[in-house]
Every structure is written in structure tokens, then in C-alpha cells.
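Structure assessment
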Amino acid sequence: MKQEKEKINKTNAARLLDQAGIAYELVPYIVDENDLSAIHIADQLNEPIEQVFKTLVLRGDKSGIFVCVVPGEEEVDLKKAAKVSGNKNCDLVAMKELLGLTGYIRGGCSPVGMKKKFPTYIHETCILYDYIYVSGGVRGLQIKADPNDLIKVCEMEICEITKE
């Protein structure tokens, strides 16, 4: 008997990539509510952590909300993030604000298809790879795509925004 492949429901992020004509793959993984880290996701996908990017939402003192997309085990350098986004200082938004601002929850926040278009900055290492992973918009689903396509569709700026 042929085993049927589990159907993956399309997320808003996936529909937006479809509309933009971007090639991508939706890749499911097993969610661990106690470990929503990109490291856990990379292990699940059997991929290098450098190619699994996390999406962080920040608030600057001048620009307001902006987004940083960084490799999974890296930390955003708040000084660098503030500088590239035209702020004097910035900080991560409170967890309770995430859903209202972006339409996404922690562990399922995608740079693609947020409620509003925020300035988005992606770490410069992304272009070293043929593909990277970003959240598919829900926990348990990653989007595997060419970083150049993601940069184009999300209008991301490439920069150095992580701690040394």
C-alpha cells in the first residue's frame, strides 16, 4: 500500500511567495514547546544552523518597529541593529505584542507576510548559501528558499547585525 504524503496547509507566507512567483519548499518539523530555538529546528531538519534563520521584531526609538533576520545561533547586536535602522537605540518587542504587530506568534514569526510591511534587515551571511530556512508562519513549518528571492520579496537590506 502506497503511503500518502501528509498534506501541508499553506500559510499566508507561502501564499505570498506563490503570488510573487518565488520557488520555495515548505518543510515541516516536530515542535518542542519547551525548545522553540532555531538550533532545535536545525537539528530536526538535519541542516547546518548557519542556514536556519530566526526572525526578531524590534522597536527603535526613532523608526518604531523593524525586523532582523539572523542565523539561528547568533544574537542580534542591538547597537548595530539600531544603527542600520536609523535609531539611537532599540530593543526586542515584548512577547505579548508580537501577535498584534505581526500576525505571528513566537516560534512561528516569518519575515514573509507580516500584518504590516516593516523595514527588514537580514544578516549578510545569508547570500553565502543556495538556500536558507525562515519560519513558514506557524510553529512546525519552515520555508526553504533562495535567500536572494526572500530578500527581494521582503525588501530586506543585507547587513552585519549580529554580535561578534
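A brief structural summary.

1. As for empty space enclosed by the protein
Going through the model one piece at a time under the given rule, you end up with 1 cavity of 30 Å³ or more. As for the largest cavity, its lining consists of Tyr-29, Val-31, Asp-32, Asp-35, Leu-36, His-40, Ile-41, Gly-107 and Arg-139. Among the residues making up the lining of the largest cavity, the classes are represented as 4 nonpolar, 2 polar and 3 charged.

2. Some points on the environment of Lys-116
Turning to its location among the elements, Lys-116 is positioned in the loop between α4 (95-102) and β5 (120-123). For Lys-116, a relative accessible area of 56% corresponds to the exposed category. A sequence separation of 13 residues divides Lys-116 from Gly-103, and the C-alpha atoms of the two residues are 8.9 Å apart.

3. Overview of helix α1 (residues 12-19)
Among all positions in α1, only Ala-13, Ala-14 and Leu-17 are buried. Viewed end-on, α1 has its buried residues packed into an arc of 100°, placing them on one side of the element. Taken together, the buried residues of α1 touch β1 (24-28), β7 (141-145) and α5 (147-154). Positioned one or two residues after α1, Gly-21 has a phi angle of 70°, which is positive.

4. Structural notes on the environment of Asn-148
Among the structural elements, Asn-148 can be located in helix α5. On a C-alpha basis, the gap between Asn-148 and Gln-44 in space is 24 Å, while along the polypeptide they are 104 residues apart.

5. Comments concerning the pairing of strand β3 (residues 64-71)
In terms of burial, β3 is largely enclosed, as 7 of its 8 residues are buried. Sheet topology places strand β2 (residues 53-60) next to β3; 8 bridges connect them, and they run antiparallel. Across the sheet, the residue bridging to Arg-59 is Ile-65, located in β3. Two successive antiparallel strands, β2 and β3, enclose a turn made up of 3 residues. Bridge analysis of β3 against β5 gives 3 bridges, and the strand direction is parallel. Directly across from Cys-68, in β5, lies its bridge partner Tyr-121.

6. Considering the nonpolar core
Within the largest apolar cluster, 29 residues are counted, with the highest numbers of intra-cluster contacts made by Ile-122, Ile-143 and Leu-150. Not counting residues within four places of it along the chain, the set of residues in contact with Ile-143 comprises Ala-13, Leu-17, Tyr-24, Glu-25, Leu-26, Ile-132, Tyr-133, Val-134, Ser-135 and Gly-136. Leu-58, Phe-66, Val-70 and Cys-90 belong to the second largest nonpolar core, which has 11 residues in total.

7. Considerations on the pairing of strand β6 (residues 132-135)
Pairing of β6 with β7, which is carried by 4 bridges, proceeds in the antiparallel orientation. What sits directly across from Tyr-133, in β7, is Lys-144. Here β6 folds back onto β7 in antiparallel fashion, the turn holding 5 residues, of which Gly-137 has a positive phi close to 105°.

8. Topic: the sheet that holds β7
One open sheet accounts for 3 strands, arranged β1-β7-β6; its pairing is antiparallel. Two strands close off the open sheet at either side, each with one partner strand: β1 and β6. Each strand axis lies, on average, 30° off the axis of its neighbour in the sheet, ignoring direction. On the sheet, α1 packs against β1 and β7 and is oriented at approximately 165° with respect to β1.

Rules used in this analysis
- Residues numbered from 1 in each chain as written.
- Predicted model: local features only at pLDDT ≥ 70, side-chain atom pairs only at ≥ 80, totals over all residues.
- Heavy atoms only, no water.
- 1 Å grid on protein atoms, 1.4 Å probe; cavity = no way out; pocket = protein on both sides within 12 Å on 5 of 7 lines; lining within 4 Å.
- Points joined across faces, edges and corners; volume = space filled by probe spheres on them.
- Nonpolar A, V, L, I, M, F, W, Y, C, P; charged D, E, K, R; others polar.
- Helix = DSSP H or I, 4+ residues; strand = E, 2+ residues; numbered from the N terminus.
- Buried < 20%, exposed > 50% of the residue type's maximum accessible area, 1.4 Å probe, protein only.
- Arc of directions from axis to C-beta.
- Contact = heavy atoms within 4.5 Å.
- Pairing = 2+ DSSP bridges.
- Core = buried A, V, L, I, M, F, W, Y, C linked by side-chain atoms within 4.5 Å.
- Axes fitted to C-alpha atoms, helices over the stretch in contact; angles between N-to-C directions.

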